[in-house]
Amino acid sequence: MHVPGKPTTLQGNSHLASRRGATRRGPRAGLPRERLKDPARAAGYPAWRLVAGPCAGGQGRVFLPREPLAAWPWNGWMRSEMASILRSPQALQLTLALIKPDAVAHPLILEAVHQQILSNKFLIVRMRELLWRKEDCQRFYREHEGRFFYQRLVEFMASGPIRAYILAHKDAIQLWRTLMGPTRVFRARHVAPDSIRGSFGLTDTRNTTHGSDSVVSASREIAAFFPDFSEQRWYEEEEPQLRCGPVCYSPEGGVHYVAGTGGLGPA
Ligand code: RTP
Ligand code: MG
């Protein structure tokens, strides 16, 4: 469990690497076939449960007014410094995580998901809460346009406040998706009951969280929710410091920052 304010480094948080190592060394060999198929089980998830405690729904939680998202700026180019950092096997990867209206409406669930992010050693680079306009939801989910669940998904996502995060980790995209569990809640409850969706999902639409599914969509989605955030600048200026630590966590702001800088660096 992360101690707020206590410096920590990613160097010491090698649980993901050790999971990979464990896979190679083969301790999964004895697991039944159905467990091997399920990444959450195979990854040897720690069991976790909703813990009642101080909630994030009280003081300090700010709902921003409805506001349009930026027009999907897609940064299709990359300076050479950023490209070389991204090629490094040690580089932190970014992903966009959303907590959907069904979970934001319940302060204990919201806090439990936040704690899950911290206990899995993600760095919270940015966090904000907002109400989404229907047009923004339609644009965000345009890849699903025409599918039977599209309309209810769009309406649901615009129905209440959501929380958006930029998360960093060496394997942020896959780790967050594994933590979320399968899209369909009925399946999640069976194959990954300790996952976020397995624990808190209500229906296939109200399934608690969203996560980017690739590096390309992570960049596009981060730019949509955090238009002032420059991924390139973050990789050049903040990533090396966050990766090497020491890093602090601000319970008030809900974000991590490089120790000694006193808070958020440049966006
Ligand atoms: P997400 O995009 O939210 O991280 O979820 P995902 O990749 O696991 O699932 P995706 O196929 O991208 O679907 C996006 C969201 O659409 C809703 N959905 N409902 N069968 C259904 O009723 C259904 N299928 C998808 C879910 O809210 C899903 O998260
Ligand atoms: Mg998806």
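Report on the accompanying structure. (Residues numbered from 1 in each chain as written. Chains lettered and ligands numbered in written order. Predicted model: local features only at pLDDT ≥ 70, side-chain atom pairs only at ≥ 80, totals over all residues. Heavy atoms only, no water.)

We now examine the overall build of the protein. Counting secondary structure elements, the protein contains 13 helices and 6 strands. When contacts within the protein are restricted to residue pairs at least 6 apart in sequence, long-range pairs at least 24 apart make up 78% of them. In the structure as shown, the protein presents an accessible area of about 13300 Å², 55% of it carried by carbon and sulfur atoms. (Helix = DSSP H or I, 4+ residues; strand = E, 2+ residues; numbered from the N terminus. Contact = heavy atoms within 4.5 Å. Areas by Shrake-Rupley, 256 points an atom, 1.4 Å probe, with all protein chains shown as cover.)

Moving on: the pairing of strand β6 (residues 255-258). Neither face of β6 is left uncovered, since the one carrying V255 and Y257 and the one carrying H256 and V258 both have all their residues buried. Here 4 bridges tie strand β5 (residues 247-250) to β6, and the two strands are oriented antiparallel to one another. When the sheet's bridge partners are listed, S250 is paired in β6 with V255. The antiparallel hairpin formed by β5 and β6 contains 4 residues in its connecting segment, where G254 sits at a positive phi of about 70°. (Buried < 20%, exposed > 50% of the residue type's maximum accessible area, 1.4 Å probe, protein only. Pairing = 2+ DSSP bridges.)

Turning our eyes to something else, we now look at the sheet that holds strand β3 (residues 161-169). Pairing in this open sheet of 4 strands is antiparallel, and the strands run β2-β3-β1-β4 from one edge to the other. Whereas interior strands pair on both sides, the edge strands pair on one side only; in this sheet they are β2 (123-131) and β4 (209-211). Across the sheet, the mean angle separating the axes of adjacent strands is 20° when strand polarity is ignored. Running over the sheet, helix α13 (residues 231-244) touches β1 (93-99), β2 and β3 and is turned about 100° from β1. (Axes fitted to C-alpha atoms, helices over the stretch in contact; angles between N-to-C directions.)

Here the focus is the pattern of salt bridges. Between side chains of opposite charge, a pair can form as their charged atoms come close. Per the stated rule, a full pass over the model turns up 9 salt bridges. A salt bridge links E238 to R126; the nearest nitrogen and oxygen atoms lie 3.5 Å apart. One end of the pair, E238, is in helix α13; the other, R126, is in strand β2, and 112 residues separate them in sequence. The class of E238 is buried, set by a relative accessible area of 10%. Of the charged contacts, one joins E239 and R243 as a salt bridge, the two residues approaching to 2.7 Å between their closest N and O atoms. (Salt bridge = Lys/Arg side-chain N within 4 Å of Asp/Glu carboxyl O.)

A word on the nonpolar core. In terms of nonpolar packing, the biggest core is built from 32 residues, with L94, L98, W132, M157, F225, F229 and W234 touching the most fellow members. Breaking this core down by element, the ones donating at least two residues are β1, β2, α7 (134-140), α8 (150-157), β3, α12 (215-225) and α13. At 5 residues, α8 tops the list of elements feeding residues into this core. Once residues within four sequence positions are removed from consideration, L94 is found in contact with V125, I166, L167, A168, A172, I173, A218, I222, F229, E231, W234 and Y235. In terms of nonpolar packing, the next biggest core, distinct from the first, is built from 23 residues, L118, Y165, W176 and M180 among them. (Core = buried A, V, L, I, M, F, W, Y, C linked by side-chain atoms within 4.5 Å.)

Here the bond from G245 into P246 is cis, since omega is 0°, no more than 30 degrees from zero. Of note, K121 is a non-glycine position whose phi angle comes to about 65°, a positive value. Position of K121 among the secondary structure elements: in the loop between α6 (107-119) and β2. Taking the relative accessible area as the measure of exposure, K121 reaches 27% and is therefore partly exposed. In this structure, T208 takes a positive phi of about 75° despite not being glycine. Structurally, T208 can be placed in the loop between α11 (196-200) and β4.

Moving on, we get to the packing of aromatic side chains. In this structure the tally under the stated criterion is 9 aromatic pairs. Plain terms: the ring middles of W132 and Y141 are 6.2 Å apart, the flat faces sit at 70° to each other, and that makes the pair edge-to-face. Assigned by exposure class, W132 and Y141 land together as buried. Ring centres of W234 and Y235 lie 5.0 Å apart, and the angle between their planes is 80°; this geometry places the pair in the edge-to-face category. Its relative accessible area of 0% is what places W234 among the buried residues. (Phe/Tyr/Trp six-rings, centres within 6.5 Å; stacked < 30°, edge-to-face > 60°.)

Glancing now at the site of ligand 1. Around ligand 1 lies a shell of 17 residues, among which K100, R177, T183, N207 and G211 are the nearest. T205 has a polar backbone atom sitting 3.2 Å from an oxygen atom of ligand 1. Within the side chain of N207, a nitrogen or oxygen atom sits 3.0 Å from an oxygen atom of ligand 1. Burial of ligand 1 by the protein amounts to 88% of the accessible area it has alone, namely 560 Å². At the level of elements, α8, α9 (172-180) and β4 are the ones that each hand at least two residues to the shell around ligand 1. Here the residues of the shell around ligand 1 are counted per class, giving 4 nonpolar, 7 polar and 6 charged. (Near = heavy atom within 4 Å. Polar contact = N/O pair within 3.5 Å; in protein donor to acceptor, adjacent residues only side chain to side chain. Nonpolar A, V, L, I, M, F, W, Y, C, P; charged D, E, K, R; others polar.)

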